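Structural overview
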Amino acid sequence: MEKIDNTFGVGAMCREKMEFRNDEELRECLSKVVGKKFMVVGGGANILFVGDYDGIVLHSKIKGIETTEDKEGTTLAVVGSGETWDEFVAEMVKRGLWGVENLSYIPGEVGGAAVQNIGAYGDEFSNAAEWVEAISINDGTLRRFDISELGYGYRWSEFKGKFKDKYVIVRACFRLRRDGKPNLTYKPLAEAFADTENVRLTDIRAELEKIRWGKLPRPEEVGSAGSFFKNPVVGREVYESLAERYPDMPHFEVEGGVKIPAGWLIERCGLKGYRHGTAGVWDRQALVMVNYDLGGRRAYEDVEYVYRHVIETVREEMKIELEPEAIIIR
Ligand code: EPU
């Protein structure tokens, strides 16, 4: 048995771990796992293992950032799926390239970012990505997916849908610009720069560092998977009956209904800062389930109790069914 790295810090084990540094090594790994139970894990930043995993874990160690610039000021950056997402972002900011700076400090790796379409602070993966390359689990062929083929949406891509368990991501390409403009659509960011002219890339990254770690636990200190739940989109009637009860409820009109922040719902149910054993609901952002027992062999038991308790309480009080954003493996 081997330890599975995960930002929740639950001490789950797997039968075996296999790592690959390039496409060829991945093909070799795939030939060895035929007929066996296996899964691909990236940085383990959006996953909760509720117990040990009785299978093989594949992990990309495909590294490298290769950039090419054209005359119009566009830079294409091809990045290995095993690169740490935020190291890539930091490098682009350092090189003066705009396009991924709003996704600063998101834990995890590039492959995982492509699967779940990471998003924060007014931006998401699919806005900057140009294509994603993946290897077919079935026959080892390399396929390049244009971003338009991947059905990107809120925390969604076809790697969770029709391509699930069919491909392993090896690299992604991003379109960046030297002459980009700041994206200040996230309100707290706009507020921070209300009186600033010529906001620089480094200013955005510095501000996001403050915003993020003011609300979310640092993975090296407290275990979590960032947001544990998706923000639910509810129908008009549900929204209106809640808005009557809570006129100050934050909400966003989106396609198909009204999005309500899950963190707000959980806080309204009195669960912000809730504790059970060594797990709890983060006291500065109720959307985050936390584990205070980093590396604890059975830490997942308390985490599981907490997230189920949250779902049940919100269902009873608010008549809304929260859905985990994190992938749960049992
Ligand atoms: N709110 C509360 N109480 C809370 C948490 C939030 O009242 O405990 C309210 C806030 O006051 C605000 C609204 O809910 O009015 C939205 O809060 P916030 O800006 O913190 O964003 P969020 O909707 O809770 C989403 C993402 C985060 C991302 C932030 C910022 C999801 C599931 N989560 O959170 O993503 O960082 O927006 O863009 O969409 C992640 O996926 O791991 C993650 C952290």
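Residues numbered from 1 in each chain as written. Predicted model: local features only at pLDDT ≥ 70, side-chain atom pairs only at ≥ 80, totals over all residues. Heavy atoms only, no water.

If you tally the helices and strands in the protein, you get nine helices and 20 strands. For 330 residues, the compact-globule estimate of 2.2 N^0.38 gives 20 Å, and the protein sits close to it at 20 Å. Taking the principal axes of the C-alpha coordinates as reference, the protein spans close to 55 × 55 × 35 Å. Out of the 330 residues belonging to the protein, those deemed buried represent 52%. Taken as a whole, the protein presents about 15800 Å² of accessible surface, with 47% of it coming from carbon and sulfur. (Helix = DSSP H or I, 4+ residues; strand = E, 2+ residues; numbered from the N terminus. Rg over C-alpha atoms; globule rule 2.2 N^0.38 Å. Buried < 20%, exposed > 50% of the residue type's maximum accessible area, 1.4 Å probe, protein only. Areas by Shrake-Rupley, 256 points an atom, 1.4 Å probe, with all protein chains shown as cover.)

The next thing to look at is the nonpolar core. If you look at the biggest cluster of nonpolar residues, it comprises 48 residues, and the most contacted ones within it are Phe49, Phe229, Ile266, Met289 and Val310. For this core, the elements supplying multiple residues, two or more each, are strand 4 (47-49), strand 5 (53-60), helix 7 (236-245), helix 8 (262-268), strand 18 (279-281) and helix 9 (299-318). Of the residues forming this core, the biggest block, nine residues, is contributed by helix 9. Contacts of Met289, omitting those with residues within four sequence positions, involve Phe8, Gly223, Ser224, Ala225, Phe228, Phe229, Ile266, Gly280, Val281, Val306, Tyr307 and Val310. Grouped together as the second largest cluster of nonpolar side chains are 41 residues, Leu103, Phe125, Ile169 and Leu189 included. (Core = buried A, V, L, I, M, F, W, Y, C linked by side-chain atoms within 4.5 Å. Contact = heavy atoms within 4.5 Å.)

In the vicinity of the ligand, 23 residues are found, and the nearest of them are Tyr121, Tyr154, Arg155, Tyr186 and Glu267. Measuring from a nitrogen atom of the ligand, one finds a side-chain N or O atom of Glu267 at 2.6 Å. A distance of 3.2 Å is found between an oxygen atom of the ligand and a side-chain nitrogen or oxygen belonging to Glu325. The set of elements that each furnish at least two residues to the shell around the ligand consists of strand 8 (119-120) and helix 8. When residues of the shell around the ligand are assigned to their parent elements, the largest contribution, three residues, is made by helix 8. A per-class count over the shell around the ligand returns eleven nonpolar, six polar and six charged. (Near = heavy atom within 4 Å. Polar contact = N/O pair within 3.5 Å; in protein donor to acceptor, adjacent residues only side chain to side chain. Nonpolar A, V, L, I, M, F, W, Y, C, P; charged D, E, K, R; others polar.)

We now examine unusual backbone geometry. Most of the time, phi is negative for any residue but glycine, and the peptide bond is trans. Notably, Tyr105 is not glycine yet its phi reads approximately 70°, a positive angle. Look at Tyr105 and you get buried, because its relative accessible area is 14%. Backbone geometry at Asn117 places phi at a positive 50°, although glycine is not the residue there. Relative to the elements of secondary structure, Asn117 occurs in the loop between helix 3 (110-116) and strand 8.

Pairing in this open sheet of four strands is mixed, and the strands run 1-2-5-3 from one edge to the other. The open sheet has two free edges, formed respectively by strand 1 (2-3) and strand 3 (38-40), since each of these has just one partner strand. With three bridges joining them, strand 3 and strand 5 adopt parallel strand pairing. Within strand 5, the residue paired with Phe38 across the bridge is Ile56. (Pairing = 2+ DSSP bridges.)

To continue, consider the packing of aromatic side chains. By the definition in use, this model includes 17 aromatic pairs. On the basis of an interplanar angle of 75° and a centroid distance of 5.4 Å, the ring pair of Trp85 and Phe88 is categorised as edge-to-face. Pair noted here: Trp85 and Phe88 are both in helix 2 (residues 85-94), with a separation of three residues, about one helical turn. Neither Trp85 nor Phe88 differs from the other in exposure class; each is buried. Arranged with centres 4.8 Å apart and planes meeting at 40°, the rings of Phe88 and Phe174 form a pair that is tilted. Placement of the pair is Phe88 in helix 2 and Phe174 in strand 12 (residues 167-177), with a sequence separation of 86 residues. Overall, Phe174 belongs to the buried group, its relative accessible area being 0%. One Lys or Arg, Arg144, reaches over the ring of Trp131 and ends 3.8 Å from the middle of that ring. Just above the ring of Tyr154 sits the side chain of Lys259; from NZ or CZ to the centre is 3.4 Å. (Phe/Tyr/Trp six-rings, centres within 6.5 Å; stacked < 30°, edge-to-face > 60°. Lys NZ or Arg CZ within 6 Å of the ring centre and 35° of its normal.)

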